[in-house]
Amino acid sequence: MREIRKAVLPVAGWGTRFLPATKAMPKEMLPIIDKPIIQFIVEALINVGIENVIFVTGRHKKAIENHFDYNHELEEHLKKAGKEKLLKEVVQIANMVNPIYVRQKEQLGLGHAVLMAEPAVSNEPFLVALGDIIIENEEEELKKMLKLFRKYGNSIIALMEVPESEISKYGIAKVRELDNETFIIEDLIEKPSPEEAPSNLAIVGRYAFTPTIFEKLKTTKPGRGGEIQLTDAMKLLLEDEAIYAYKVNNPVYDTGNPLDYLRTVITFAFKREDINGKLRDFLKGILNEERTLS
Ligand code: UTP
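Here we summarise the structure given alongside this text. (Residues numbered from 1 in each chain as written. Predicted model: local features only at pLDDT ≥ 70, side-chain atom pairs only at ≥ 80, totals over all residues. Heavy atoms only, no water.)

### Considering the overall build of the protein chain
Applied cut-off: Helical segments are the DSSP runs of H or I of at least four residues, strand segments are the runs of E of at least two, and each set is numbered from the N terminus. Radius of gyration means the value over C-alpha atoms here, while the globule rule gives 2.2 Å times the residue count to the 0.38 power. Exposure is judged per residue with a 1.4 Å probe applied to protein chains only, and the accessible area is read against the type maximum: over 50% gives exposed, under 20% gives buried, and values in between give partly exposed. Contacts are assigned to residue pairs that have any heavy atoms within 4.5 Å of one another. Residue-level accessible areas treat just the shown protein chains as cover; the underlying method is Shrake-Rupley with a 1.4 Å probe. Charged residues are defined here as Lys and Arg on the positive side and Asp and Glu on the negative side; His and the ends of the chain fall outside this count. Where a charge lies is defined by one atom per residue type, namely NZ (Lys), CZ (Arg), CG (Asp) and CD (Glu).
Check the secondary structure of the protein chain and you find eleven helices and 13 strands. Computed over the C-alpha atoms, the radius of gyration of the protein chain is 20 Å, within 12% of the 19 Å expected from 2.2 N^0.38 for a compact globule of 294 residues. In terms of principal-axis extent, the alpha carbons of the protein chain reach across some 60 × 55 × 35 Å. Looking at the 294 residues of the protein chain, the share that counts as buried comes to 48%. Put simply, 76% of the contacts in the protein chain that link residues at least 6 apart link residues at least 24 apart. Summed over all atoms, the accessible surface of the protein chain reaches about 15200 Å², with 51% contributed by carbon and sulfur. Positive and negative charge centroids in the protein chain, built from 40 and 45 side chains respectively, lie 3 Å apart.

### Observations concerning helix H8 (residues 212–219)
We count it as follows: Of all possible arcs, the one meant is that of the directions from the helix axis to the C-beta atoms.
Buried residues of H8: Ile213, Phe214, Lys216 and Leu217, and no others. Buried residues along H8 cover an arc of 165° about the axis, so they all sit on one side.

### Some points on unusual backbone geometry
Put simply, Leu19 and Pro20 share a cis peptide bond, and its omega is 5°. Of note in the backbone geometry, Ile33 takes a positive phi value of approximately 60° without being a glycine. In this structure, Ile33 sits in the loop between strand S2 (31–32) and strand S3 (35–36). Ile33 gets classed as partly exposed once you look at its relative accessible area, which sits at 28%. In the Ramachandran plot, Asn137 falls in the positive-phi region, its phi being about 50° despite a non-glycine side chain. On the secondary structure map, Asn137 appears in the loop between strand S7 (133–135) and helix H7 (138–152).

### Looking at the site of the ligand
As a reminder, the rule being used: Throughout this document, a residue counts as near a molecule or strand when at least one of its heavy atoms sits within 4 Å of that molecule or strand. For the purposes of these results, a polar contact is taken to be a pair of N or O atoms within 3.5 Å, where, inside protein, one atom must be able to donate a hydrogen and its partner to accept one; residues adjacent in sequence count only when each atom of the pair is a side-chain atom. Asp, Glu, Lys and Arg are counted as charged, while Ala, Val, Leu, Ile, Met, Phe, Trp, Tyr, Cys and Pro are counted as nonpolar; the rest, among them Gly, fall into the polar class.
Lining the immediate environment of the ligand, one finds 18 residues, of which Gly15, Thr16, Arg17, Glu28 and Gln104 sit closest. The contact in question runs from an oxygen atom of the ligand to an N or O atom on the backbone of Trp14, over 3.2 Å. The fraction of the free accessible surface of the ligand (560 Å²) that becomes covered by protein chains is 85%. For the shell around the ligand, the residue count by class is seven nonpolar, seven polar and four charged.

### Describing the side chain of Glu141
Relative to the assigned elements, Glu141 resides in helix H7. Among the polar contacts listed, one links the side chain of Glu141 to the side chain of Asn250, at a separation of 2.8 Å.

### With respect to the packing of helix H10 (residues 258–270) against helix H11 (residues 276–293)
Cut-off, in case you're wondering: Axis lines are fitted through C-alpha atoms, for helices just across the contact stretch, and the angle between N-to-C directions can take any value from 0 to 180 degrees. Put simply, angles under 35 degrees are roughly parallel, angles over 145 are roughly antiparallel, angles from 65 to 115 are roughly perpendicular, and the rest are oblique.
Between H10 and H11, the shortest axis-to-axis distance is 8 Å and the interhelical angle comes to 130°. One finds that H10 runs oblique with respect to H11. Only Asn276, Leu279, Arg280 and Leu283 of H11 make contact with H10, whose side of the interface consists of Ile266, Ala269 and Phe270. Taken together, the residues of the contact of H10 with H11 sort by class into five nonpolar, one polar and one charged.

Rendered as structure tokens:
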């Protein structure tokens, strides 16, 4: 059985929930303090041994390409200014990844974006990581995924428990438990109401796929929102191949809408020793002021 060496990052969506910020820039480049969201994901993929990262990009691809490339003028400037630590950091970002850029010319949905990566992935198993989700200690979770893939040789998806009020935001899985940490998928339902939902286990946005998914994506009809949905292709895949799953134990951060993005930024800011003290005082100040006014 082949090892997983490639990862696909779909980053071509409109990011309408973040307009106008995303008019000329992908939402995956929004910063969590001073690091773009996409960099967290790429670092984790590289740290678990992924060799090729395939970005499925759209019209505004330049920012991502430039971020993972050298910037000689900036490097020269930092060198002259004696900012060695920053210099090392910006060069390291370009050195870290062996990128392939594929264009999704029309935003026909996440499933369609993944299909665009087929020529670059070829007939190999591969990972898919959604570019607007950050997982704490992501390496730990990806290692679990790769380990399960080695064991079963089938597609694997990461799941997380969500509260009832959040169920309708996610793809939800109907599962059968195999052992303490592994499930087998029986069905998948995209954004169900809490009453329809077969569980509270939501698809996180990290997948390992056998190349059969490409065949299924080619026959997947537009679904919810008129888009070619990855979940619908996974349902077709279930007819031919088993899909396994595991539960993510580390916190998952959505960054795809302004409120969850802000929650993520504040959570990460509190983890930073250089910021957390003053931020805490600032937030306390705002809350006190609000209390006094109301
Ligand atoms: P989302 O639905 O969260 O992203 O897709 P979006 O469509 O850009 O956002 P909104 O709903 O308009 O605010 C999940 C991931 O799939 C990518 C997105 O870039 C995001 O990382 N995607 C989505 C594509 O690459 N192509 C598509 O056609 C759709």
